[in-house]
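# Remarks on the overall topology
As a plain string of letters, each chain reads:
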Amino acid sequence: MPPAHSLERDHMQPKLWVLGLGVSVLGLLMTATTSAQYSKKTLVAHRGASAYAPEHTAAAYRLAIEMGADFVEQDLAVTRDGVLICLHDASLERTTNVEEVFPDRAVSISLEGRTRRAWVANDFTLAEIKRLDAGSWFDKKFAAEKILTFDEAVAIVRGKAGMFPELKTPEIYEGRNVDFENLVATALDKHGLRGPKADPKTPIILQTFGQSSARQLAQIKIGVPVVLLLGDDEGFKTSEQIRAWKGIVQGFGPAKEIVQRNPNFVKWAHAEGMSVTPYTFRESDARKSGFKDVTEEMSHFLYELGVDALFTDNPDKFPRK
Ligand code: G3P
Ligand code: CA
C-alpha cells in the first residue's frame, strides 16, 4: 500500500490555505508532503518525446513541449573543444551516421564493463559533430536533425518547460581534463538559470548516476536541485542509507523496478523531504510489466506508489488528475 500522505499531496496545499492556516504550519506540513522541486505530479519528457522523434533532437524537444511536458530531459556530453552537447551515449554511432562520415576515427574503449570500438563524442569537435545526421537512424524523414548543443536546447525549451540535464557518464572524462560539473555551472550562469535571479519559467533540475559527481555539485553549491540516479538499490535498501544523502542531493531517480519492489523507498525519501522520480516509462514495454498500457503503469506509480514525477518516452500518455 502507498503511504496515505503521498496519495493526497497534490490536493493538500489549497485546502490548507482555505482553512486559513498560517504560513509556518503550511511549511511544516509541506516538508512532510511535498518535495522541494515539485508542486504537482510532474512529467519529464525522457530525451524529449523520444517515442515519436529521434532522441535529443529539436524535433523531439519541440514535440515534448507540445505534448505538455513539465520538464524536458537532456543527457549531456562534452565535445573535444569543451562544448556541452545533448547526447545519451558516450559515443556517436548508435544515433548518428558517424561511421560513414568519419570511418577512421573509432577507438577501443571500455564502457560499462565492456571493451569495444566506439566513436567517442569527446574525441570530436563541435564542428565535426555538426556534420552528422542525428535523425535518419530513427526515420529517414528526420534526416535534417543535428545533435544539439546545450545552448540550442535552452533556446528551444526556455520559457516553455523546465530542463532536466543529466551529467552523463562523468567517469569517461577522468584523465581527459574536463571539469564537467563546472562546465554545467558556467552554462547555467550564462543563461541565467541558477541563483537568486534564475528564470522562474525555466526551472532546472540536474541529475547524475555519478555519486562523486553529485557530491561535487553539492560542494560547488550548484544552487539547483540535484537528483541522484540509481540503476539498482545496492546501498539504498534502508531508510538510514537514504537519509545519508540528505543535504547532498534533493531527490532520487531510481529505476522503476526499485520502487515497485520496495514501495517504502518513496516513504523513506519523502520523510527526508527528498523527491522520487523513477525512470523510464514506455508504451513499448508497459505490457511486459503487467499493465494494460503505459498510462495505467504511470498512474500506478504516481497515484498508488506516490512518486512525485517520472521520466517517460510518451509524454502524451501522462495521466493528469
Ligand atoms: O535520467 C533518467 C534516465 O534517463 C536514466 O536512464 O540511460 O535513459 O539516461 P538513461
Ligand atoms: Ca538520462
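Residues numbered from 1 in each chain as written. Chains lettered and ligands numbered in written order. Predicted model: local features only at pLDDT ≥ 70, side-chain atom pairs only at ≥ 80, totals over all residues.

## Here we look at the overall build of the protein
When helices and strands are counted, the protein shows 14 helices and 11 strands. Each of the 321 residues in the protein was classed as buried or not, and the buried ones make up 43%. (Helix = DSSP H or I, 4+ residues; strand = E, 2+ residues; numbered from the N terminus. Buried ≥ 20, exposed ≤ 12 C-beta atoms within 10 Å, placed from the backbone.)

## Details of the site of ligand 1
As a matter of local geometry, ligand 1 sits amid His46, Asp75, His88, Glu166, Gln207, Leu229, Gly253, Tyr279, Thr280 and Phe311. Residue composition of the shell around ligand 1, by class: three nonpolar, five polar and two charged. (Near = placed C-beta within 6 Å. Nonpolar A, V, L, I, M, F, W, Y, C, P; charged D, E, K, R; others polar.)

## Topic: the nonpolar core
The biggest cluster of nonpolar side chains holds 84 residues, and the ones touching the most others in it are Val72, Ile85, Ala121, Leu206, Val307 and Leu310. Sorting elements by how many residues they give to this core places helix H4 (residues 58–66) first, with six residues. Setting aside residues no more than four positions away along its own chain, Val72 makes contact with Ala45, Gly48, Tyr61, Ala64, Ile65, Val157, Ala161, Met163 and Phe164. (Core = buried A, V, L, I, M, F, W, Y, C linked by C-beta atoms within 7 Å. Contact = placed C-beta atoms within 7 Å.)

## Some details on helix H8 (residues 180–190)
Every buried residue of H8 is accounted for by Phe180, Glu181, Val184 and Leu188. Down the axis of H8, the buried side of the element spans an arc of 100°, and every buried residue falls inside it. Opposite its buried face, H8 presents the exposed residues Thr186 and Lys190, each directed more than 90 degrees away. Downstream of H8 by one or two residues, Gly192 has phi in the positive range, about 65°. (Arc of directions from axis to C-beta.)

## Notes on the environment of His191
Checked against the element boundaries, His191 lands in the loop between H8 and strand S7 (206–208). For the pair His191 and Asp151, spaced 40 residues apart in sequence, the C-alpha separation works out to 8.2 Å.

## What to know about the pairing of strand S4 (residues 107–111)
In terms of burial, S4 is largely open, as just zero of its five residues are buried. Summarising the sheet, S4 and strand S5 (residues 114–118) pair through five bridges and their orientation is antiparallel. Looking at S5, one finds that Ile109 is bridged to Arg116. What sits between the antiparallel neighbours S4 and S5 is a turn of two residues, in which Glu112 has the positive phi angle 50°. (Pairing = 2+ DSSP bridges.)

## Points about unusual backbone geometry
It is generally the case that most residues other than glycine have a negative phi and that most peptide bonds are trans. In this structure, the amide linkage connecting Tyr279 to the following residue, Thr280, adopts the cis form with an omega of -20°. Tracing the backbone shows Thr280 in the loop between strand S10 (275–276) and helix H13 (283–286). For His56, which is not a glycine, the phi torsion comes out positive at approximately 60°. Take His56: there are 27 C-beta atoms within 10 Å of it, and that puts it in the buried class. Notably, Asn177 is not glycine yet its phi reads approximately 60°, a positive angle. By the element assignment, Asn177 lies in the loop between strand S6 (162–167) and H8. Under the C-beta neighbour-count criterion, Asn177 is labelled exposed, with 7 such atoms within 10 Å.

## As for the pairing of strand S2 (residues 71–78)
Sheet faces and side chains relate simply in a regular strand, where the side chains alternate between the two faces. A large share of S2 lies buried, amounting to eight of its eight residues. Pairing analysis gives two bridges linking strand S1 (residues 42–45) to S2, with the strands arranged parallel. Bridge assignment links Ala45 to a residue of S2, and that residue is Val72. Bridge analysis of S2 against S6 gives six bridges, and the strand direction is parallel. Residue Asp75 lies in a different strand from S6, and its bridge partner there is Glu166. Bridge count between S2 and strand S3 (residues 84–86): three bridges; the pairing is antiparallel. Looking across to S3, one finds that Val78 is bridged to Leu84.

## Overview of the confidence of the model for the protein
Per-residue confidence for the protein gives a mean pLDDT of 90, with 89% of residues at or over 70. Averaged pLDDT values for the elements of the protein fall to 28 in helix H1 (residues 4–7) and rise to 99 in H4. Ignoring residues within four places in sequence, the model shows residues 1–34, a span with pLDDT below 50, making 27 contacts including any to other chains. (pLDDT = per-residue confidence, 0-100.)

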